[in-house]
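# Structure assessment
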Amino acid sequence: MTGGTLYGIGVGPGDPQLITLKALGLLQQAPVIAYPAPEHGESLTRRIVAPHLDARGDAFEEIALRMPIEIARFPAQEAYDQAEALLGKRLREGKDVVVLCEGDPFLYGSFMYLFARMVREFRVEVVAGVSSINACAAALGKPLCARDDRVSVLPAGLPEARLLESLHTSETCVLIKVGRHLGKLREMLRGAGLVENASYVEYATMNKQRVLPLGKFEGDAAPYFSMILVHRDGDARGLWEKKA
């Protein structure tokens, strides 16, 4: 393979200090930095790394990859076709390209769609990042799991039967992509006798972070950056058990 290297870097859940040293080094050196952005308006991903880029001035090229952000419209093939063309041109010129991704690139990250396209022709390296799942557990102050606990990560739009199956077979369940499903999820958990074991976190690590018991959340919809963590036994099972 010839040309530059494409780096997909996780920039963490929102706090600029939660970026890895490896990702920071690439940000400080890459001649081209690209990031997903809504069709109109500012990119949150770009805002996360802004403190790390200010010192560089205009010493690099920025490319905003404009695409529809609504979950129901993903993957947006036309937008990724355009991104492939834009980034491929720079890579063929021998320039390294960094693509920013919220959280971790390979955990529900949009970079995976670019990776599948670009890896056929170019060198691609993925730099792992702090995921929102880890950030929410830290904000909540409850370990995700301990010992032989099972953890399930469940998109909220799954059929209720599948959600309930995991809730009853996993010690910890992480419900993501909550949004308009929040009311349905709360009623489902109440019916399963688990609403008291469920916690709600939104905007983890950001300035407007909010953490509260799910039962105290008012309303039936949540912002995009929100998550519900259900610890079936109240906490990570067995972590504080006394030794025999």
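Please refer to the structure higher up on the page.
Procedures and definitions
- Residues numbered from 1 in each chain as written.
- Predicted model: local features only at pLDDT ≥ 70, side-chain atom pairs only at ≥ 80, totals over all residues.
- Heavy atoms only, no water.
- Pairing = 2+ DSSP bridges.
- Helix = DSSP H or I, 4+ residues; strand = E, 2+ residues; numbered from the N terminus.
- Axes fitted to C-alpha atoms, helices over the stretch in contact; angles between N-to-C directions.
- Parallel < 35°, antiparallel > 145°, perpendicular 65-115°, else oblique.
- Left-handed = near helix turned anticlockwise from the far one by under 90°.
- Contact = heavy atoms within 4.5 Å.
- Nonpolar A, V, L, I, M, F, W, Y, C, P; charged D, E, K, R; others polar.
- Phe/Tyr/Trp six-rings, centres within 6.5 Å; stacked < 30°, edge-to-face > 60°.
- Buried < 20%, exposed > 50% of the residue type's maximum accessible area, 1.4 Å probe, protein only.
- 1 Å grid on protein atoms, 1.4 Å probe; cavity = no way out; pocket = protein on both sides within 12 Å on 5 of 7 lines; lining within 4 Å.
- Points joined across faces, edges and corners; volume = space filled by probe spheres on them.

### Focus on the sheet that holds strand 9 (residues 210-213)
If you walk across this open sheet you meet the five strands as 6-7-10-8-9, and the pairing is mixed. The open sheet has two edge strands, strand 6 (151-155) and strand 9, and neither has a second partner. For this sheet, the mean inter-axis angle between neighbouring strands, taken without regard to orientation, is 20°. In this sheet, strand 10 (residues 226-231) lies alongside strand 8 (residues 198-202) in antiparallel orientation, the contact comprising five bridges. In the strand pairing of strand 10, Ala198 is matched with Val230.

### Some points on the packing of helix 6 (residues 160-169) against helix 7 (residues 182-191)
Here helix 6 crosses helix 7 at 50°, and the two axes come no closer than 11 Å. What the angle tells us is that helix 6 and helix 7 run oblique. Between helix 6 and helix 7 lies a crossing whose hand is right-handed. From helix 6, Glu160, Leu163, Leu164 and Leu167 reach across to helix 7, where they touch Leu185, Met188 and Leu189. Among the residues making up the contact of helix 6 with helix 7, the classes are represented as six nonpolar, no polar and one charged.

### Some details on the packing of aromatic side chains
Throughout the structure, instances matching the rule amount to five aromatic pairs. Seen in terms of ring centroids, Phe106 and Phe115 are 5.2 Å apart; in terms of plane orientation they differ by 85°. Their pairing is edge-to-face. Judged by its relative accessible area of 24%, Phe115 falls in the partly exposed class. Taking 4.4 Å as the distance between ring centres and 50° as the angle between the ring planes, the aromatic pair formed by Tyr200 and Phe217 counts as tilted.

### A few points about empty space enclosed by the protein
Scanning the entire structure with this criterion turns up one cavity of 30 Å³ or more. By volume, the largest cavity is sized at about 50 Å³. Surrounding the largest cavity, Pro36, Leu65, Met67, Tyr80, Val99, Leu100, Ser110, Phe111 and Leu114 form its lining. Elements supplying a minimum of two residues to the lining of the largest cavity: strand 4 (97-101) and helix 4 (111-118). Of the residues in the lining of the largest cavity, the class split is eight nonpolar, one polar and no charged.

### Quick look at the sheet that holds strand 3 (residues 61-66)
One open sheet holds the five strands; their spatial order is 3-2-4-1-5, and the pairing between them is parallel. Taken across any chain shown, the strands that pair with only one partner, and hence form the sheet edges, are strand 3 and strand 5 (123-127). Averaged over neighbouring strand pairs, the angle between their axes works out to 20° when direction is ignored. Alignment of strand 1 (residues 5-10) against strand 5, held across five bridges, turns out to be parallel. Directly across from Leu6, in strand 5, lies its bridge partner Val124. Its contacts with the sheet place helix 2 (residues 44-53) against strand 2 (32-37), strand 3 and strand 4, and it is angled at close to 125° to strand 4. This element, helix 4, spans strand 1, strand 3, strand 4 and strand 5 of the sheet and lies at about 155° to strand 5.

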